[in-house]
Amino acid sequence: MICREFEPWLQAFVDGELDVETMTAAQAHVSSCPECHGRVDGERRFRALLRQQPQDMAPPELRARLLGLARLKRRRAAMRLWLGVPAAAAALVLVVALLMTRGLAPGPTAPRIVDTLVDKHLAYAQIENPAELTSSEPSEVAAWLQDRIGMRIPVPDYSHAGIRLVGARMSEADEEKVAYLLYEKGHMLMSVFVLPNAAETGVLPGKPASYRGHEYLTRERKSLRTVSWRDGQAVFSLVSMLDYDALLECADRLRAARARETRL
């Protein structure tokens, strides 16, 4: 067995799901190949790291904020009828309006792009069906996004580590299209935002962090953590309650998938 043959068997090898003959050949290859041995070791460490992540709901202050928004939506039920807007759409309008009253209106005081994406993560988390396309198949989600955004968006599969792909939707930020990927781990959501044409966003905010030879920017806002970076004109940003080690590992895998896509 050589590296190219071993690559598609990596997940099954780590899970111990190969038949005896294939497992024996794979084990012999891993034992003699430092590169594949490192990939197997990294896969096992990543899974161990994700198992350590908390499975409970959001912290009390975030839950209180979301419950407050829910109560406010109920009080505005009569207004929804008066406007003649379907309930689901009205709920989103209400959330956006509330966020705008907290300083999200466009103009000189508009928030930096990463802060906007955090608010989008919170707003979408309150919608019953945040994904326009509901699918756990990365290839289906990637094809759907490419049809709408004109860019091949990498859609990593984190399911082996307990992070499930929920789906995708199209969004906007600063009048630019944004691809939105939604993942979940237990009760925790992870949003992946890709801004294909973000050359005018300026300097990304955050604290510099190095991970496996790449530079990222980390930032905390509203009990959420973000990991962001720029790749050419595109900006990538992960938003979640997962800790930075897990987010950086997910970002590294997304970055590797992006590199593979650009080589195709």
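Since the structure is predicted, the reported quantities are computational estimates derived from the model, not experimental observations. (Residues numbered from 1 in each chain as written. Predicted model: local features only at pLDDT ≥ 70, side-chain atom pairs only at ≥ 80, totals over all residues. Heavy atoms only, no water.)

### Some remarks on the overall build of the chain
A count of helical and extended segments in the chain gives 10 helices and 8 strands. Residue burial in the chain is summarised as follows: out of 264 residues, 47% are buried. For the chain, long-range pairs separated by at least 24 residues make up 61% of all intrachain contacts whose partners lie at least 6 apart in sequence. (Helix = DSSP H or I, 4+ residues; strand = E, 2+ residues; numbered from the N terminus. Buried < 20%, exposed > 50% of the residue type's maximum accessible area, 1.4 Å probe, protein only. Contact = heavy atoms within 4.5 Å.)

### Description of the nonpolar core
Counting residues in hydrophobic clusters, the biggest one holds 55 residues, and the most contacted among them are Leu145, Leu181, Tyr183, Met190, Leu195 and Leu238. When sequence neighbours within four positions are dropped, the list of residues in contact with Leu195 reads Ile113, Leu117, Ala173, Lys177, Val178, Gln233, Ala234 and Val235. Counting 11 residues, the second largest nonpolar core, distinct from the first, contains Phe6, Val14, Leu18 and Ala26. (Core = buried A, V, L, I, M, F, W, Y, C linked by side-chain atoms within 4.5 Å.)

### Points about the side chain of Thr226
Mapped onto the fold, Thr226 is located in strand 7 (residues 224-231). Overall, Thr226 belongs to the buried group, its relative accessible area being 1%. Beyond its immediate sequence surroundings of up to four residues, Thr226 is in contact with Val114, Val118, Leu217, Thr218, Arg219, Ser237, Leu238, Val239 and Tyr244.

### Digging into the confidence of the model for the chain
Put simply, the chain has an average pLDDT of 78, and 73% of its residues get 70 or more. Considering each helix and strand of the chain separately, the mean pLDDT is smallest for helix 6 (residues 77-83), with a value of 44, and largest for strand 5 (residues 207-211), with 94. This stretch, residues 78-85, has a pLDDT under 50; its non-local contacts, to residues over four places away or in other chains, come to 6 contacts. Across residues 99-111, confidence stays below pLDDT 50; counting only partners more than four residues off in sequence or on other chains, it has 14 contacts. (pLDDT = per-residue confidence, 0-100.)

### Here we look at the environment of Arg169
Here Arg169 lies in strand 2 (residues 164-173). A C-alpha to C-alpha distance of 5.3 Å links Arg169 and Tyr180, two positions 11 residues apart in sequence. If we skip the residues at most four places from it in the chain, Arg169 touches Tyr124, Asn129, Pro130, Ala131, Glu132, Trp144, Leu145, Val178, Ala179 and Tyr180. At 2.5 Å, the side chain of Arg169 forms a polar contact with the backbone oxygen of Pro130. (Polar contact = N/O pair within 3.5 Å; in protein donor to acceptor, adjacent residues only side chain to side chain.)

### Considerations on the packing of aromatic side chains
Using the criterion set out here, one finds 6 aromatic pairs in the structure. Seen from their ring centres, Tyr124 and Tyr180 are 4.8 Å apart, and the 45° between their planes marks the pair as tilted. Residue Tyr124 is located in helix 8 (residues 113-125), and its partner Tyr180 is located in strand 3 (residues 176-185); the two are separated by 56 residues in the primary sequence. Under the relative-accessibility criterion, Tyr180 is labelled buried at 1%. Look at Trp229 and Phe236: their rings are 5.3 Å apart centre to centre, the planes differ by 5°, and that puts the pair in the stacked class. This pair shows no difference in class: Trp229 is buried, exactly as Phe236 is. Sitting over the ring of Tyr244, Arg225 keeps its end group 5.9 Å from the ring centre. A cation over a ring is seen here: Arg255 above Tyr216, with NZ or CZ 5.1 Å from the ring centre. (Phe/Tyr/Trp six-rings, centres within 6.5 Å; stacked < 30°, edge-to-face > 60°. Lys NZ or Arg CZ within 6 Å of the ring centre and 35° of its normal.)

### Some remarks on the sheet that holds strand 2
Here 8 strands make up an open sheet; going across it, the order is 1-2-3-4-8-7-6-5 and the pairing antiparallel. Only two strands of the sheet have a single partner each, and these edge strands are strand 1 (133-134) and strand 5. As judged from the 6 bridges shared by strand 4 (residues 188-195) and strand 8 (residues 234-240), these two strands associate in the antiparallel manner. Paired with Phe193 across the bridge in strand 8 is Ser237. Along the sheet, helix 10 (residues 244-263) makes contact with strand 4, strand 5, strand 6 (214-221), strand 7 and strand 8, crossing strand 7 at roughly 25°. (Pairing = 2+ DSSP bridges. Axes fitted to C-alpha atoms, helices over the stretch in contact; angles between N-to-C directions.)

### Quick notes on the environment of Ala234
Residue position: Ala234 is located in strand 8. Judged by its relative accessible area of 2%, Ala234 falls in the buried class. Once the C-alpha coordinates of Ala234 and Leu195 are considered, the two residues, 39 residues apart in sequence, prove to be 5.3 Å apart. Dropping the residues within four chain positions of it, Ala234 is found in contact with Met151, Leu195, Pro196, Trp229 and Arg258.

### Some remarks on the state of the cysteines
The final tally for this structure, using the stated rule, is 0 disulfides. Cysteine Cys3 shares no disulfide, and the gap to the nearest cysteine sulfur, in Cys33, comes to 3.6 Å. According to the relative accessible area criterion, Cys3 is partly exposed, its value standing at 33%. (Disulfide = S-S within 2.5 Å.)

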